[in-house]
Amino acid sequence: MLKFAASIALSTTILLSSAPAFASGQVISNDLGKCKAGAGPAVLVNVSGVRESSGKMRVQTYRGISSEWLKTGAWLHRVEAPAKTGNMQFCLPVPSSGTYAVAIRHDINGNGKTDIFGDGGGMSNNPSINIFNLGKPSYKKTAFNVGNDVKSINISMKYR
């Protein structure tokens, strides 16, 4: 039951954090060329466990600080792409070296809404999600450092 409640909370948190209202970030294409050696600073996000080849993946970068992590409109860059079962890669340039975090949402039916019985999500560093953190782990658990190069990270998708 706790796992189910945490999955619901995770999906809700990711939906709310990625709402386009008041968004200050920029929607960009998934240009993997921007994550080649020497092309940084950027984050190469390796996603595993995508459940279905339907709907849309939404990947967003945030500054890895308390005041911005998962806050509406605080995301820096967003990549949206059709979902593909299994593994996917995304390249997200960052403005400069520093501390960042990544959130992913899989809108399985592509309706733009969180469907708590189907949609999935994930976050940088793959923090555990439970009823006590309501699907919103601390920025300290998701933050990572990016230098002037490309930082590669792995995120495992979580579904109900």
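Residues numbered from 1 in each chain as written. Predicted model: local features only at pLDDT ≥ 70, side-chain atom pairs only at ≥ 80, totals over all residues. Heavy atoms only, no water.

Enquirer: Explanation requested: the pairing of strand β3 (residues 56-63) in the structure shown.
Expert: Looking along a regular strand, one sees side chains alternate from face to face of the sheet. Most of β3 is tucked away: six of the eight residues are buried. Across five bridges, β3 lies against strand β4 (residues 77-82) in antiparallel orientation. Of the residues in β4, the one forming a bridge with Met-57 is Ala-81. (Buried < 20%, exposed > 50% of the residue type's maximum accessible area, 1.4 Å probe, protein only. Helix = DSSP H or I, 4+ residues; strand = E, 2+ residues; numbered from the N terminus. Pairing = 2+ DSSP bridges.)

Enquirer: What am I meant to see in the packing of aromatic side chains here?
Expert: What characterises a pair of aromatic rings is the spacing of the ring centres plus the angle enclosed by the ring planes. Overall, the coordinates contain one aromatic pair when judged by the stated rule. Here Tyr-62 and Trp-69 contribute two aromatic rings whose centre-to-centre distance is 5.4 Å and whose plane-to-plane angle is 80°, an arrangement assigned as edge-to-face. By the burial criterion, Tyr-62 is buried, and Trp-69 matches it. (Phe/Tyr/Trp six-rings, centres within 6.5 Å; stacked < 30°, edge-to-face > 60°.)

Enquirer: What should I look at first to understand the state of the cysteines in this one?
Expert: Chemically, a disulfide is nothing more than a covalent bond linking the sulfur atoms of two cysteines. Per the stated rule, a full pass over the model turns up one disulfide. What pairs with Cys-35 in a disulfide is Cys-91, and their sulfur atoms sit 2.1 Å apart. On the S-S bond that ties Cys-35 to Cys-91, the torsion sits near 90°, and the link is right-handed. Of the two residues, Cys-35 sits in the loop between β1 (26-28) and β2 (42-50) while Cys-91 sits in strand β5 (residues 86-93), which places them 56 residues apart along the sequence. Assessed through its relative accessible area of 11%, Cys-35 is described here as buried. (Disulfide = S-S within 2.5 Å.)

Enquirer: Help me understand unusual backbone geometry, please; the structure alone is not making it clear to me.
Expert: Working note: non-glycine residues mostly have negative phi, and peptide bonds are mostly trans. With an omega of 0°, the peptide bond running from Gly-40 to Pro-41 counts as cis. Looking at the secondary structure, you find Pro-41 in the loop between β1 and β2. The phi angle at Leu-70 is positive, at roughly 60°, despite the residue not being glycine. The topology assignment puts Leu-70 in the loop between β3 and β4.

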